[in-house]
Amino acid sequence: MNLPHPELSIGAQLVPDWHAPYFGRERLPVRIFADEHQAARAVADRIAQRIRENTAADKNTVLGLATGHTPVGVYDRLIQLHREGLDLSRVVTFNLDEYWPMPSDALQSYHRWMHENLFDHVNIPAENIHIPAGDVPRDQLERHCQTYEDAIRAVGGIDLQILGIGKTGHIGFNEPGSPPESRTRLVTLDPVTRRDAASDFFGEENVPRHAITMGLATILEAREICLLAFGEHKSAIVRRSVEEPPSAAIAQYQ
Ligand code: GLP
C-alpha cells in the first residue's frame, strides 16, 4: 500500500465483516480514512455496537486493548460515548503488554497510561481490568504470564482486539522473529523500539530492555482484530505487513 499523502490514516481490519472496500493488492482487508479522527471514530463506534449488543443479550464484552499514540482517539470517543450514556459495566479488558520491570505508578507505566486515558473516565469495574504486571518478580514471571492466559480463556477469549503497530512491525511487544504460537511471556525489546520510546523515558538508556507481552497466538485468537496505523512514519511497515508474503519478520493472518 502506498500512502499518497502523509496524513492519510489506515485502519486495517483483520476480520472482514465490515463489508469494507477492498483494494486488491493487500493480503488483508484494509480501510483507508480521510484522517485519524474518522478512523478512531469508526473503530470506537464498532466497539460500542458490540458492547450494546452483548449487554442487551446479558453478555460481557471482552476487549483487547493497546497503548501508544495510535488508540488515543478510540479511547477519547469511547469516553464521549460513555458520557452520552454508553454503559461499560459489562466490559472486561486485557491489555497487550507492559514494560518490565515497571512499577504500576511510574510515569511510563502502561497501567498508569490506561487509567489516565480510559479507565478513570468510564465505568469498567476495576476487577474486570487486566494488564500484565510490570512489578512482578522475575521468579514469578512465568506463573504470572500463565495466569494471564488462563484469565483470558476463563472469560471465553477476546471479542475484539485493538492493535497498533511498531516501526519494527511489532504488535504488542512481539518483535520480528516471534513465533506464531507464542503466548504471554517476557520478551527483549528491539533497539529500534527502545529508541522510539526514548523520549518517554528521558533517554534511550532509561528504556527497559524487557517487556511482558501477549503472544501472537494469544492476539490472533481474538474473534475480531482492528489494527490501526497513522502517519507517514508507519507507511513502510504497513505496506510490508499487508502486501508482502508472511514471514517470521512480518506475519499475516486472516
Ligand atoms: C509500543 C506498544 C505497541 C504499540 C507501539 C506503537 O511499542 N507496545 O503496542 O503499537 O508502541 O506505538 P504508537 O501507537 O505510539 O505509534
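You'll find the structure just up there.
What comes next is a walk through the structure. (Residues numbered from 1 in each chain as written. Predicted model: local features only at pLDDT ≥ 70, side-chain atom pairs only at ≥ 80, totals over all residues. Heavy atoms only, no water.)

Bringing the sheet that holds strand E9 (residues 210-213) into the picture now. What the 3 strands build is an open sheet, ordered E5-E9-E8; its pairing is antiparallel. Of all the strands in the sheet, just strand E5 (97-100) and strand E8 (185-188) have a single pairing partner and so form its edges. Averaged over all neighbouring strand pairs, the angle between strand axes comes to 30 degrees, with direction disregarded. (Pairing = 2+ DSSP bridges. Helix = DSSP H or I, 4+ residues; strand = E, 2+ residues; numbered from the N terminus. Axes fitted to C-alpha atoms, helices over the stretch in contact; angles between N-to-C directions.)

So, about helix H2 (residues 72-83). A rise of 1.5 Å per residue sets the reference length of H2, with its 12 residues, at 16 Å; its end C-alpha atoms lie 17 Å apart and thus fit the reference within 8%. Those residues of H2 lying buried are Val 74, Tyr 75, Arg 77, Leu 78, Ile 79 and Leu 81. Buried-residue contacts for H2 involve helix H1 (36-56), strand E3 (61-65), helix H3 (110-117) and strand E10 (225-230). Gly 85 occupies a position one or two residues after H2 and carries a positive phi of about 120 degrees. (Expected span 1.5 Å × (residues − 1). Buried < 20%, exposed > 50% of the residue type's maximum accessible area, 1.4 Å probe, protein only. Contact = heavy atoms within 4.5 Å.)

With that settled, the discussion passes to the packing of aromatic side chains. In this structure the tally under the stated criterion is 6 aromatic pairs. Ring geometry for Tyr 75 against Trp 113: centres 6.1 Å apart, planes inclined by 65 degrees, an arrangement best described as edge-to-face. With Tyr 75 in helix H2 and Trp 113 in helix H3, this residue pair connects regions lying 38 residues apart in the sequence. One aromatic cluster is present, formed by Tyr 99, Tyr 110, Phe 173 and Phe 201 through successive ring pairs. (Phe/Tyr/Trp six-rings, centres within 6.5 Å; stacked < 30°, edge-to-face > 60°.)

What follows covers the nonpolar core. Membership of the largest hydrophobic core comes to 55 residues, with the highest contact counts inside it found for Ile 47, Val 74 and Leu 118. The leading source of residues in this core is H1, at 8 residues. (Core = buried A, V, L, I, M, F, W, Y, C linked by side-chain atoms within 4.5 Å.)

Taken together, Gly 68, His 69, Thr 70, Asp 97, Tyr 110, Gly 164, Ile 165, His 170, Gly 172, Phe 173 and Lys 234 make up the full set of residues adjacent to the ligand. One of the backbone nitrogen or oxygen atoms of Gly 172 is found 3.4 Å away from a nitrogen atom of the ligand. When the residues that make up the shell around the ligand are grouped by side-chain class, the tally is 3 nonpolar, 6 polar and 2 charged. (Near = heavy atom within 4 Å. Polar contact = N/O pair within 3.5 Å; in protein donor to acceptor, adjacent residues only side chain to side chain. Nonpolar A, V, L, I, M, F, W, Y, C, P; charged D, E, K, R; others polar.)

So, on to the pairing of strand E7 (residues 160-163). The two faces of E7 match: Leu 160 and Ile 162 on one face and Gln 161 and Leu 163 on the other face are all buried. Where E3 lies against E7, 2 bridges are found, and the strand directions are parallel. Note on E7: the bridge partner recorded for Gly 64 is Gln 161. With 3 bridges connecting them, E7 and E10 associate as parallel partners. Pairing of Gln 161 across the sheet is with Ile 225, part of E10.

Moving on, we get to the packing of H2 against H3. Following both chains from N to C, one finds H2 and H3 inclined at 40 degrees, their axes separated by 10 Å at the closest point. With respect to each other, H2 and H3 are oriented oblique. On H3, the residues touching Val 72, Tyr 75 and Ile 79 of H2 are Trp 113, Met 114 and Asn 117. Looking at the contact of H2 with H3 residue by residue, the classes come out as 5 nonpolar, 1 polar and no charged. (Parallel < 35°, antiparallel > 145°, perpendicular 65-115°, else oblique.)

Glancing now at the environment of Gln 49. Checked against the element boundaries, Gln 49 lands in helix H1. On the accessibility criterion, Gln 49 (35% relative accessible area) is partly exposed.

As a further point, take the pattern of salt bridges. In the structure shown here, the tally under the stated rule is 13 salt bridges. Between Arg 153 and Glu 149 there is a salt bridge, with its nearest N and O atoms 3.5 Å apart. Within this pair, Arg 153 and its partner Glu 149 are both found in helix H4 (residues 141-154), separated by 4 residues, close to a single helical turn. With a shortest N-O distance of 2.4 Å, Glu 221 and Arg 183 are connected by a salt bridge. Taken together, the residues span a long stretch of sequence, with Glu 221 in the loop between helix H6 (216-220) and E10 and Arg 183 in the loop between E7 and E8 at a distance of 38 residues. When its relative accessible area of 48% is taken as the criterion, Glu 221 is described as partly exposed. (Salt bridge = Lys/Arg side-chain N within 4 Å of Asp/Glu carboxyl O.)

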